[in-house]
Structure formats: structure tokens, C-alpha cells
Amino acid sequence: MDQLTYAEVKAAGERIAGRVRPVAVAPGDDTGRVWLALEFLQHTGSFKARGAQNFLLAHAEAGTLPEAGVTIASGGNAGLACAWAAHELGLRATVFLPQTAPPVKVARLRSYGADVRLAGTQYAEALAACEEFAAAGGALASHAYDHPLIAAGAGTVLEEIRTQLPDLDTVVVSVGGGGLFAGVAAAAREHGVRVVAVEPVHSRALNAALAAGRPVDVTVDSVAADALGARRATALAVHAAQDPGVRSLLVSDEAIIRARQGLWDERRIAVEHAAATALAAVEAAGAADAVHGERIAVLLCGANTDPSDLVAAP
């Protein structure tokens, strides 16, 4: 099935209640029109903790957690979230990374008790090694974004935002492969909340899929590619984006960099370029008609970033 349901998001919310940090919401301007959802304060520094918890807990409920534990290929937020969630459940996690992975990521993964294995020099090689490991040893294979349980867990953040902003009109969310977007869109559709799906101009898997009418491969070349670097959007995301309550927007790398720098200069918030992508759409003059006169929430989805390039404005 290519459509994520609201029932799946609700079930995820009940499943992970008390295991993740409720999202904090703060004013984004002086008018009360724009609000910032500070999901980067989540465990492991990103929204990915929600999907990882939901994925593992659902398998625990079904009695399908193998003794071999869980495995994933990801040196980014998904890998960290999977390792953390597994540690919380006392489950073994084996995370595959390219040999080029930064030592700081390897160290952080190991701090969660993960068995870190380096394979190849590219993600595709690490993924192949992960798949071979799962097939040979029986470990449960997780995915960074392309799974209904992962997407449903991510969607629980919209439910929490609406608790604090019950008159919310629109939520603005960055899109990579589409797991977060698909989950948020499922919850938003239930409540009549519009969704603005934002991607970098040169990393537009969802936007290209909408133009083609199906998931297609795209070239990825963006400052936000470390988190929004999926070459193909999920079928769940493409189906969700075809809803009339969804709008797809593209922003330049320059706008993303400005938005990220502005969060630091004005608020001392250091987020990933991926998180700043959503804010860039709101700040871009060309996107004003998408959110004009509405009460909107901008989802700042993660902050696993090197802040050394953020220099305070004079």
C-alpha cells in the first residue's frame, strides 16, 4: 500500500509515548504568525528517534525482534537514532558505514553500544554489506526513511505541534527521501492542515517525482545533501504529495545558508542545513503566497552539524 494512514500515526504516538521528547514550539516572529518546532532537541539530535523507536517497538510487540538484533546502513541521523533506540531496548545494533565516515560519528554510534562496521568508500557499498549481514545472520534490517513504521513515527511530531498550536494552518517541512514528510502529511491531512514540502533546487527527489508522476532518480548536489541527499523519493511520499493540501517548493543553497546563519545570528540556534531548508522557504519572497496570512509552523528537524562555520554577524 502506497498511502500512510492517520491510524498508523496515531498508533505510533501511543507506542512511543514517554520514550521520546515532546517537541517544543517557540515564536518565529513578532506577529504570532510563524512558529518554530524545535525538533532538533529530540534524542540523538533529530526527528529520526521517533521512527526508530516506533519501528523497534512494533516489532517487539509482534514478537519479531531477532536475537541477532537490528542493523542499518547509515552514518547520519538514522544510524544514530537506530543505535539509540536499540540501546534503550537492550537490543544489539550493528551499523554499517563507509570507511570514509568521520571518526566523531563512529565514536558517537559506539557510545550507544552499537557494533560499527566500516565497508567500502560509499554509502551503496555499506548498504550492500548491511544487507548481506542481515541475510546471513538474521538481523532485522531497518531503513533510514523508506518504511511505514519509520514514517508513522516521524508523523507523531505533527500531532504534538497541533496540541500547542490548535489553530495551525500550515506546516513547513524539509524533504529528503520523504519519510518525515509522509508521516507529517498523513497527520496533517486528518486535521485539514496544509503542508509545504521544501527541497533544495539540486536535491529535488519529491519535486521531480511529482513532475514525472512517479518516483524517479535525481542528481544530488546541495549543501544539504548530507541529510536531504536521497536520489529517489519513497512511494509513500509521492502519494502523499499528490494531495491538494500539499505544495512542493524548491529553495536555493544560498537561501538555505542564509536561513541557517540567521537562526544562529538572531537566536543562537545551530541547525543542520536540512533543517534550515524549511525555514528558507518561508523567508523567500517567492514563497510568500504559499503561507500568506496563515499561522504556520516550521519544523526544524535536526541539529547534528558542525557549527564552526557559523560566525556571528558583526
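Each value, and the rule that gives it
- Residues numbered from 1 in each chain as written.
- Predicted model: local features only at pLDDT ≥ 70, side-chain atom pairs only at ≥ 80, totals over all residues.
- Heavy atoms only, no water.
- Axes fitted to C-alpha atoms, helices over the stretch in contact; angles between N-to-C directions.
- Helix = DSSP H or I, 4+ residues; strand = E, 2+ residues; numbered from the N terminus.
- Parallel < 35°, antiparallel > 145°, perpendicular 65-115°, else oblique.
- Left-handed = near helix turned anticlockwise from the far one by under 90°.
- Contact = heavy atoms within 4.5 Å.
- Pairing = 2+ DSSP bridges.
- Core = buried A, V, L, I, M, F, W, Y, C linked by side-chain atoms within 4.5 Å.
- Buried < 20%, exposed > 50% of the residue type's maximum accessible area, 1.4 Å probe, protein only.
- Phe/Tyr/Trp six-rings, centres within 6.5 Å; stacked < 30°, edge-to-face > 60°.
- Salt bridge = Lys/Arg side-chain N within 4 Å of Asp/Glu carboxyl O.

Peer 1: Is there a simple way to think about the packing of helix H2 (residues 48-62) against helix H6 (residues 148-164) in this case?
Peer 2: Describing two packed helices takes the angle between their axes plus the distance from one axis to the other. Axis separation between H2 and H6 bottoms out at 7 Å; the angle between their running directions is 125°. As judged from the angle between their axes, H2 and H6 are oblique. Taken as a pair, H2 and H6 cross one another with a handedness that is right-handed. Here H2 contributes Arg-50, Gly-51, Ala-52, Asn-54, Phe-55, Ala-58 and His-59 to the contact with H6, which in turn contributes Leu-149, Ile-150, Ala-152, Gly-153, Ala-154, Thr-156, Val-157 and Glu-160.

Peer 1: Before we go on, may I ask you to explain the sheet that holds strand E2 (residues 34-38) in this structure?
Peer 2: Backbone-to-backbone hydrogen bonds join strands into a sheet, with any given pair of strands oriented parallel or antiparallel. Ordered by their spatial adjacency, 6 strands build an open sheet running E1-E2-E10-E7-E8-E9, and the pairing between neighbours is mixed. Sheet topology places strand E1 (25-27) and strand E9 (246-251) at the edges, where each strand pairs with a single neighbour. Each strand axis lies, on average, 25° off the axis of its neighbour in the sheet, ignoring direction. Alignment of E1 against E2, held across 3 bridges, turns out to be antiparallel. Bridge pairing links Val-25 to Ala-37 in E2.

Peer 1: It is not clear to me how the nonpolar core should be interpreted in this structure. Could you clarify?
Peer 2: The tendency in soluble globular proteins is for nonpolar side chains to be buried as a group. Grouped together as the largest cluster of nonpolar side chains are 74 residues, with contacts concentrated most on Ile-161, Leu-180, Phe-181, Leu-206, Val-298, Leu-299 and Leu-300. When residues of this core are assigned to their parent elements, the largest contribution, 8 residues, is made by helix H7 (residues 179-191). Not counting residues within four places of it along the chain, the set of residues in contact with Ile-161 comprises Val-23, Ala-37, Leu-168, Ala-297 and Leu-299. Counting 27 residues, the second-largest nonpolar core is a separate cluster that includes Ala-49, Phe-55, Leu-91 and Ala-114.

Peer 1: Got a minute to help me understand the packing of aromatic side chains in this structure?
Peer 2: For any pair of aromatic rings, the description consists of the separation of the ring centres together with the inter-plane angle of the planes. On inspection of all chains with the given rule, the structure shows 1 aromatic pair. For the ring pair Phe-96 and Phe-133, a centre distance of 5.5 Å and an interplane angle of 55° mean the geometry is tilted. Residue Phe-96 is located in strand E4 (residues 93-97), and its partner Phe-133 is located in helix H5 (residues 123-137); the two are separated by 37 residues in the primary sequence. Each member of the pair, Phe-96 together with Phe-133, is buried.

Peer 1: Which parts of the structure should I look at to understand the side chain of His-59?
Peer 2: Along the polypeptide, His-59 turns up in helix H2. Not counting residues up to four positions away in its chain, the partners in contact with His-59 are Thr-64, Leu-65, Leu-140 and Leu-149.

Peer 1: Would you take a moment to explain the pairing of strand E8 (residues 194-200) for this structure?
Peer 2: The side chains of a regular strand alternate between both faces of the sheet. Across the 7 residues that make up E8, a large majority, 6, are buried. Looking at chain direction, strand E7 (residues 170-174) and E8 are connected through 5 bridges and run parallel. Across the sheet, the residue bridging to Ser-174 is Val-198, located in E8. Relative to E9, E8 runs parallel, the two being bridged by 6 bridges. For Pro-200, the partnering residue across the bridge sits in E9 and is Val-251.

Peer 1: Hey, could you run me through the sheet that holds strand E6 (residues 140-141) in this one?
Peer 2: With respect to topology, 4 strands assemble into an open sheet ordered E5-E4-E3-E6, the strand pairing being parallel. The open sheet has two free edges, formed respectively by strand E5 (115-118) and E6, since each of these has just one partner strand. Both strand E3 (residues 70-73) and E6 contribute to a ladder of 2 bridges, which runs parallel. Across the sheet, residue Thr-71 finds its bridge partner in E6, namely Ala-141. Sitting on the sheet, helix H3 (residues 77-88) is in contact with E3 and E4, with an inclination near 170° to E3. In the packing of helix H4 (residues 103-111) onto the sheet, contacts are made with E4 and E5, and the angle to E5 comes to roughly 150°.

Peer 1: Before we go on, may I ask you to explain the pattern of salt bridges in this structure?
Peer 2: Pairing between side chains of opposite charge can happen when their charged atoms approach one another. Enumeration according to the criterion identifies 8 salt bridges in this entry. Of the charged contacts in the structure, one is a salt bridge between Arg-50 and Glu-160, with a shortest N-O distance of 2.8 Å. Here Glu-160 lies in helix H6 and Arg-50 lies in helix H2, a separation of 110 residues in the sequence.

Peer 1: I tried to follow the pairing of E4 on my own but got confused; where do I start?
Peer 2: Counting buried positions over the 5 residues of E4 gives 5, a clear majority of the element. Of the two faces of E4, the one holding Ala-93, Val-95 and Leu-97 and the one holding Thr-94 and Phe-96 are both buried throughout. Pairing of E3 with E4, which is carried by 4 bridges, proceeds in the parallel orientation. Its bridge partner being in E4, Ala-73 is matched across the sheet by Phe-96. Pairing of E4 with E5, which is carried by 4 bridges, proceeds in the parallel orientation.

From the geometry alone we can't say anything about function, so treat these as descriptive.
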